[in-house]
Amino acid sequence: MAEIQKLAKRERIGVGEWVRRALREAKSRRASAEPQSKLKSVRRAVGCSFPTADIEQMLAEIERGYQR
């Protein structure tokens with residue numbers, strides 16, 4: 001508790017506010033790690049048609065672009 005009080009004091013906020021912010025941050029990190037949302041993103045990406053090539057070809061094209 002003393003450590004949390006020091007952290008809150010350093011940020012010039014109350015302990016309650018510090019705890020609420022910490023909980024919101026933890027919740028947002030956890031929410032983005034949900035498997036369902038990741039799967040949804042992957043499924044959406046698979047349905048797209050993006051130009052692609054062999055990795056060596058792509059690296060060579062990138063390198064040529066740097067040299068121009």
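From a predicted model like this one, the values you see are computed outputs, not experimental measurements.

1. Some thoughts on the environment of Glu25
- Along the chain, the position of Glu25 falls in helix α2 (residues 15-32).
- Accessibility expressed as a relative area gives 48% for Glu25, which makes it partly exposed.

2. Observations concerning the confidence of the model for the protein
- Mean pLDDT over the protein works out to 88, with 96% of the residues at or above the 70 mark.
- Within the protein, helix α1 (residues 2-10) carries the highest mean pLDDT (95), whereas helix α3 (residues 35-46) carries the lowest (87).

3. With respect to unusual backbone geometry
- In this model, Arg12 sits at a positive phi of 60°, which is unusual for a non-glycine residue.
- Mapped onto the elements, Arg12 comes out in the loop between α1 and α2.
- Judged by relative accessible area, which is 79%, Arg12 ranks as exposed.

The rules behind each value
- Residues numbered from 1 in each chain as written.
- Predicted model: local features only at pLDDT ≥ 70, side-chain atom pairs only at ≥ 80, totals over all residues.
- Heavy atoms only, no water.
- Helix = DSSP H or I, 4+ residues; strand = E, 2+ residues; numbered from the N terminus.
- Buried < 20%, exposed > 50% of the residue type's maximum accessible area, 1.4 Å probe, protein only.
- pLDDT = per-residue confidence, 0-100.

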